[in-house]
Amino acid sequence: MQIFTCPFCGPREETEFHFAAEACKHRPEPAEEVSDADWSDYLYLNDAPKGVAREVWVHATCGEFFVMTRDTVTREITDVTALLGRDE
């Protein structure tokens, strides 16, 4: 079992976390002009790089989102950064 570190709760088992999105993936805008095909691509097509990736994850226990930088090959986590804005 791999241990992920929630920036709010500390180290926890990976089963408490869910992948949310690629970090810095730009949402197509303006929403009312986005085609169904473009919206589908945004939701379901991910780069899934081999190597270093920046991803948004959510800790299911506390409900907080954060950015994790990890190597998808070695599984090494090099950085975890809180997404601020809710209680700033």
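Above: the structure in question.
Residues numbered from 1 in each chain as written. Predicted model: local features only at pLDDT ≥ 70, side-chain atom pairs only at ≥ 80, totals over all residues. Heavy atoms only, no water.

**Details of the overall build of the protein chain**
Logical step 1: Counting secondary structure elements, the protein chain contains 1 helix and 6 strands.
Logical step 2: Reading the protein chain from its N terminus to its C terminus gives the helix and strand order β-β-β-α-β-β-β.
Logical step 3: Along the longest, intermediate and shortest principal axes, the C-alpha atoms of the protein chain span 40 × 35 × 20 Å.
Logical step 4: Across the 88 residues that make up the protein chain, the buried fraction comes to 25%.
Logical step 5: Restricting the contact set of the protein chain to residue pairs at least 6 apart, pairs at least 24 apart contribute 40%.
Logical step 6: Element-wise, carbon and sulfur atoms account for 51% of the exposed surface of the protein chain, whose accessible area totals about 6,200 Å². (Helix = DSSP H or I, 4+ residues; strand = E, 2+ residues; numbered from the N terminus. Buried < 20%, exposed > 50% of the residue type's maximum accessible area, 1.4 Å probe, protein only. Contact = heavy atoms within 4.5 Å. Areas by Shrake-Rupley, 256 points an atom, 1.4 Å probe, with all protein chains shown as cover.)

**So, the pattern of salt bridges**
Where charged atoms from two side chains of opposite charge approach closely, those side chains can pair.
Logical step 1: This structure, assessed with the given rule, holds 3 salt bridges.
Logical step 2: In this structure, Glu14 engages Arg75 in a salt bridge whose closest nitrogen and oxygen atoms are separated by 3.7 Å. You can see Glu14 sitting in the loop between strand 2 (10-13) and strand 3 (17-22) and its partner Arg75 sitting in the loop between strand 5 (65-71) and strand 6 (77-82), a full 61 residues away along the chain.
Logical step 3: A salt bridge links Arg27 to Glu29, with the shortest nitrogen-to-oxygen separation between them at 3.2 Å.
Logical step 4: Given the relative accessible area of 52%, Glu29 is considered exposed. (Salt bridge = Lys/Arg side-chain N within 4 Å of Asp/Glu carboxyl O.)

**Thoughts on the pairing of strand 2**
Logical step 1: Here strand 1 (residues 3-6) runs beside strand 2; their pairing, made up of 4 bridges, is antiparallel. Bridge pairing in strand 2 places Ile3 opposite Glu13. (Pairing = 2+ DSSP bridges.)

**What about the packing of aromatic side chains?**
Logical step 1: Tallied over the full model, the rule gives 5 aromatic pairs.
Logical step 2: Taking the centre distance of 5.2 Å and the plane angle of 75 degrees together, the rings of Phe4 and Trp57 count as edge-to-face. Residue Phe4 is found in strand 1, and its partner Trp57 is found in strand 4 (residues 52-59); the two are separated by 53 residues along the sequence. No difference in accessibility class separates Phe4 from Trp57, as the two residues are buried.
Logical step 3: Seen from their ring centres, Phe19 and Trp57 are 5.8 Å apart, and the 85 degrees between their planes marks the pair as edge-to-face. Taken together, the residues Phe19 in strand 3 and Trp57 in strand 4 connect sequence positions 38 residues apart.
Logical step 4: Judged by relative accessible area, Phe19 falls into the partly exposed class, the value being 39%. (Phe/Tyr/Trp six-rings, centres within 6.5 Å; stacked < 30°, edge-to-face > 60°.)

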